[in-house]
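Each chain, letter by letter, is given below.
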Amino acid sequence: MSDDKKLARASLDSLYRIFTVPEAPDSTLGRIDQSLSQDLAGFLQQHIVASERDLADIESDFDSAAIPEHPTFVSEQIQFVMDKLVAQSVHISAPSFVGHMASALPYFMLPLSRIMMALNQNLVKVETSKAFTPMERQVVGMIHKLVYDNDEAFYEHWMHDRAHALGSFCSGGTIANLTALWAARNNALPPGGDFRGLGQDGLLAGMQHHGYQGLAILVSERGHYSLGKAADILGIGRRSLIAIPTDNRNKVRTDLLASKCDELKRQNIRVMAIVGIAGASETGSVDPLDTMADIAAERGIHFHVDSAWGGPTLFSSTHRHLLKGIERADSVTLDAHKQLYVPMGAGIAVFRDPKTLTSVEHHAEYIIRKGSKDLGSHTVEGSRPGMAILVHSGLHIIGRQGYELLIDQGIEKARAFAQMIRESDDFELVSEPELNILTYRYVPADIAQALAQAPESLQRAVNEELNKATKRIQKIQRGLGKSFVSRTRLNPALYDGDDIIVFRAVLANPLTNTEILSDLLEEQRQIAATRDDVKTILGLARACFRSC
Ligand SMILES: *Cc1c(COP(=O)(O)O)cnc(C)c1O
């Protein structure tokens, strides 16, 4: 004990040690490190416990705000990390966890991430990133080419151009959407006369100069919540993000989109962007991008496509036609940490016209100087890690053909799962998988039959009970820890727009197979058949029919 005390005191000696001496191979951390690199799947399988602990209970492990006065031994802290964090984390990469948008990672991402961290380059400026800057510009160029497919001369001219950027590499889809809409907003109210542009003079001056009553962004009701944040940050307010209804396939109603544009124009409200979705987070559906591009072009409106999820579908010769029209977008968001299988923290916004991002350009004296190639002049973020190395490596190691296979088999698997659901008389497919996401729910055959013939008001009452059942089944299944689907709320036309809670399955993990999916359904069936609370809810649903 006294020995411990002596060691557990801050000293320059021990500080020098942690900066210079690696953990011994037989130390706690050394051993963990080894098993991580030798058998990642095994490590996760072994150390993440399946049974769910109550979050309030977990909070008790993290309830002190006191900063430790004395140093803690590495081994002691690592033991805490293993017991309290690793054990209680989510098994994202398990093939039976099909509810998340991030799934398994290829092995090479781990050592590459270590290299990235060891180098700790800061991409904000060339001085702190050197080769990482042209590498990131190349990655942005590659994603630009994936979307817009310009010729070689274009990329030769623009990719490394010091005054322009083909896109902005950032931490994810949220920031990518924000960046795109930031540029769109500033371009919608361009400088002129006394007005020096939004970046200099602000929104109020811009509105006065241009004589607008307001600004708006239009997106379907399936739009991602990050767009609401962007509307807030950009100063136009969330209520100026206008949701356009969707059709029975969860695609934006372009007739309503066009008429809303014209209605707003009559009110002197400038639509600063129309946002198309290529792979809605909830349903995976893709908007009619070509028609949306027409609507935007006819009215001189910035067209942004949020393909955070679905963008990589462009790798697939078979399925890329689903995104037709994306190449006409002024800006496009793509998340690398979703279907490019890169660890969390990598998103990209690309711009068709290399001049679009000029409207948000920002310079400072000691950093991101004018005329430098510093990437920080066109990004929301300042200091930024070299995540692009992981995208660069993925694009090379997996290649276009590899990503094509991943996309194709994901879509095929989703179709097979949809077929499985259609064929079972106690599940109902709520949204068809256009890409690799589908939604469904548990509806026992007798209820399904009665529901189909019930009048609208009765349907609503029954659906309310079924919603409770779906919620319970999802929570119980998650708690059991063997498999996972997420859940969301939709308003399908089949039930006259009533709120329907559904299971949401995302088929992106290459290790997921149909047997796993069939087991997942079976587990849900078992939960419904054996859990008293679910049985009670289903009983109430049945009682609805009798009482009317
Ligand atoms: C995931 C997602 C986003 C947000 O991306 P983050 O990386 O979570 O910030 C935006 N739009 C869509 C369609 C998405 O699927």
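Per chain, residue numbering runs from 1 following the sequence as it is written. Totals for whole chains, interfaces and linings use all residues, but because this is a predicted model, local features are given only for residues with pLDDT of at least 70 and pairs of side-chain atoms are given and counted only at 80 or more. The basis for the side-chain values is all heavy atoms of the structure; hydrogens and waters are excluded.

An unreviewed UniProt entry lists the protein chain under the name 2,4-diaminobutyrate decarboxylase, with Pseudohongiella nitratireducens as the source organism. The annotation that UniProt attaches to the protein chain under Cofactor (unreviewed entry) is "pyridoxal 5'-phosphate". Word for word, the UniProt comment on the protein chain under Sequence similarities (unreviewed entry) is "Belongs to the group II decarboxylase family." UniProt positions are given in the numbering used here, feature names are shortened, and annotations may be inferred rather than shown by experiment.

Let us look at the sheet that holds strand S9 (residues 437-442). Read across the open sheet, the four strands follow the order S8-S9-S11-S10; overall the sheet is antiparallel. Pairing within the sheet leaves two strands with one partner each, and these edge strands are strand S8 (427-431) and strand S10 (486-490). For this sheet the average axis-to-axis angle between neighbouring strands, irrespective of direction, equals 45°. Here, a strand pair is defined by DSSP locating no fewer than two bridges between the strands. In this description a helix means any DSSP run of H or I spanning at least four residues, a strand means any run of E spanning at least two, and both kinds are numbered starting from the N terminus. Judged from the four bridges that link them, S8 and S9 form a sheet pairing that is antiparallel. Among the inter-strand pairings, Phe 427 is bridged to a residue of S9, identified as Tyr 442. The contact criterion used is simple: two residues touch if any of their non-hydrogen atoms lie within 4.5 Å. Angles shown run from 0 to 180 degrees and are taken between the N-to-C directions of axes, each axis being a line fitted to C-alpha atoms and, for helices, limited to the stretch in contact. Lying over the sheet, helix H16 (residues 399-423) contacts S8, S9 and strand S11 (500-506), oriented at roughly 20° with respect to S9.

Okay, the domain arrangement of the protein chain next. These domain boundaries are the output of an automatic or database domain assignment. Annotation of the protein chain at the domain level lists domain 1 (117-397) and domain 2 (408-547). For domain 1 versus domain 2, the separation of C-alpha centres amounts to 35 Å. Of the residues lining the interface, 21 residues belong to domain 1; the matching set on domain 2 comes to 19 residues. Interface area for domain 1 against domain 2, summed over the two sides, is near 1,500 Å², with a carbon-plus-sulfur share of 52%. Each of two parts loses accessible area, computed with a 1.4 Å probe, when they are put together; buried area is these two losses added. Three residues stand out in domain 1 for area buried against domain 2, namely Glu 282, Trp 309 and His 319, and they jointly supply 34% of the buried area on that side. Any carboxyl oxygen of Asp or Glu within 4 Å of a side-chain nitrogen of Lys or Arg constitutes a salt bridge here. Our count for the contact surface shared by domain 1 and domain 2 stands at one salt bridge. Two residues, Glu 434 and Lys 251, come together in a salt bridge whose shortest N-O distance is 2.7 Å. Throughout this description, a polar contact denotes any pair of N or O atoms lying within 3.5 Å of each other; where both atoms belong to protein, one of them has to be capable of donating a hydrogen while the other can accept it, and for residues adjacent in sequence the pair is counted only when both atoms sit in side chains. For the interface between domain 1 and domain 2, the tally reads eight residue pairs in polar contact (both at pLDDT 80 or more).

Spatial ordering of the open sheet is given by S1-S7-S6-S5-S4-S2-S3, a layout of seven strands whose pairing is mixed. Pairing within the sheet leaves two strands with one partner each, and these edge strands are strand S1 (167-170) and strand S3 (241-244). Going from strand to strand, the sheet's axes swing by 20° on average, the running direction of each strand aside. Pairing between strand S5 (residues 303-306) and strand S6 (residues 331-335): three bridges, direction parallel. When the bridges of S6 are listed, Asp 306 appears paired with Thr 333.

It suffices for a single heavy atom of a residue to lie within 4 Å of a molecule or strand for the residue to be listed as near it. Taken together, 15 residues lie near the ligand, and Thr 174, Asp 306, Asp 335, His 337 and Lys 338 sit nearest. One nitrogen or oxygen atom from the side chain of Thr 174 is found 2.6 Å from an oxygen atom belonging to the ligand. Side-chain polar atom of His 337 to an oxygen atom of the ligand: 2.7 Å apart, as the coordinates give it. Note on areas: Shrake-Rupley with a 1.4 Å probe; residue coverage comes only from the protein chains shown. Bound to the protein, the ligand loses 88% of the 380 Å² it would expose on its own. A class-by-class count of the residues in the shell around the ligand yields three nonpolar, nine polar and three charged. Residues are grouped as follows: Ala, Val, Leu, Ile, Met, Phe, Trp, Tyr, Cys and Pro are nonpolar; Asp, Glu, Lys and Arg are charged; every other residue, Gly included, is polar.

Mapped onto the present numbering, the UniProt feature "modified residue: N6-(pyridoxal phosphate)lysine" (unreviewed entry) falls at Lys 338. Note on placement: Lys 338 falls in the loop between S6 and strand S7 (347-351). Accessible area is worked out with a 1.4 Å probe on protein chains only. A residue is then buried under 20% of its type maximum, exposed over 50%, and partly exposed in between. Relative accessible area serves as the criterion here: at 15%, Lys 338 is assigned to the buried category. Other than its neighbours up to four places away in sequence, Lys 338 contacts Met 101, Ala 308 and Trp 309. At a separation of 3.2 Å, a polar atom in the side chain of Lys 338 contacts the side chain of Asp 335.

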